[in-house]
Amino acid sequence: MTAPRTPTTAEELRGAGLRVTAARVALLDTVRHGDHLDVEAIASGVRDRVGHVSLQAVYEALHALTAAGLVRRIEPAGSPARYEGRVGDNHHHIVCRSCGAVADVDCAVGHAPCLHAADDHGFTIDEAEVIYWGRCPDCSTNRTA
Ligand SMILES: [Zn+2]
Ligand SMILES: [Zn+2]
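Residues numbered from 1 in each chain as written. Chains lettered and ligands numbered in written order. Predicted model: local features only at pLDDT ≥ 70, side-chain atom pairs only at ≥ 80, totals over all residues. Heavy atoms only, no water.

- As recorded in an unreviewed UniProt entry, the protein chain goes by the name Fur family ferric uptake transcriptional regulator, listed as coming from Nonomuraea rubra.
- One UniProt comment on the protein chain, placed under Subcellular location (unreviewed entry), says "Cytoplasm".
- Taken from UniProt, the Sequence similarities (unreviewed entry) comment for the protein chain reads in full: "Belongs to the Fur family." (UniProt positions renumbered as here; feature names shortened; annotations may be inferred.)

In structure tokens, the structure reads:
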């Protein structure tokens, strides 16, 4: 028995029905290795890997990869959108009000939706998105020091 081979990033793009370009491969790798990166950080990661890519191209690629479900976009109120490669598990986020640091928070029950709406208004709900707000350890320390 041979273990199933992990698909390459290019194969994943193709499997999601996307055109494979060096910039898209670099972008997906950058998002997956990063930690809730914003567009600027992703653009610089892509440029480190493949050379100059316009910000517009980065936006377009992010849009395509998000629509295909390979990348998840989170948008805490008042802060720029962040992107991550951890998709499909309906995890939540905790955001620092002070510095904007973002961390993952797992679901209470581990599958979507992990919260039950008091009234579903007849919708078929498949996801619940929660953002916890507070201060990260660094910011709480600075504040009390
Ligand atoms: Zn902070
Ligand atoms: Zn996350």
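Next comes the rest of the description.
Concerning the coordination of the zinc ion (ligand 1)
Then, in step 1: Of the protein atoms, only Cys-96 (SG), Cys-99 (SG), Cys-136 (SG) and Cys-139 (SG) coordinate the zinc ion (ligand 1), at distances of 2.2 to 2.3 Å.
Then, in step 2: Given 4 donor atoms and angles of 103 to 112° at the metal, the environment of the zinc ion (ligand 1) is assigned as tetrahedral.
Then, in step 3: Sequence positions of the residues that donate to the zinc ion (ligand 1) give the spacing C-x2-C-x36-C-x2-C. Of the two residues, Cys-99 sits in the loop between β4 (92–96) and β5 (102–105) while Cys-139 sits in helix α5 (residues 137–144), which places them 40 residues apart along the sequence.
Then, in step 4: Given a relative accessible area of 12%, Cys-139 falls into the buried group. (Donors = N, O, S within 2.8 Å, 3.2 Å for Na, K, Ca; no water. Tetrahedral: all angles 85-135°; square planar, octahedral: opposite > 155°, others 65-115°. Helix = DSSP H or I, 4+ residues; strand = E, 2+ residues; numbered from the N terminus. Buried < 20%, exposed > 50% of the residue type's maximum accessible area, 1.4 Å probe, protein only.)

A few points about helix α3 (residues 39–50)
Then, in step 1: End to end, α3 covers 16 Å across 12 residues, agreeing with the expected 16 Å (1.5 Å per residue, within 8%).
Then, in step 2: Those residues of α3 that sit buried are Val-39, Ile-42, Ala-43, Gly-45 and Val-46. One side of α3 carries all its buried residues, which in axial view fall inside an arc of 165°. For α3, exposure combined with an orientation more than 90 degrees from the buried face picks out Glu-40 and Asp-48.
Then, in step 3: Turning to α3, the residues buried within the fold contact α2 (22–33), β1 (37–38), α4 (55–67) and β3 (82–84).
Then, in step 4: Of the residues trailing α3, Gly-51 is marked for its positive phi of about 90°. (Expected span 1.5 Å × (residues − 1). Arc of directions from axis to C-beta. Contact = heavy atoms within 4.5 Å.)

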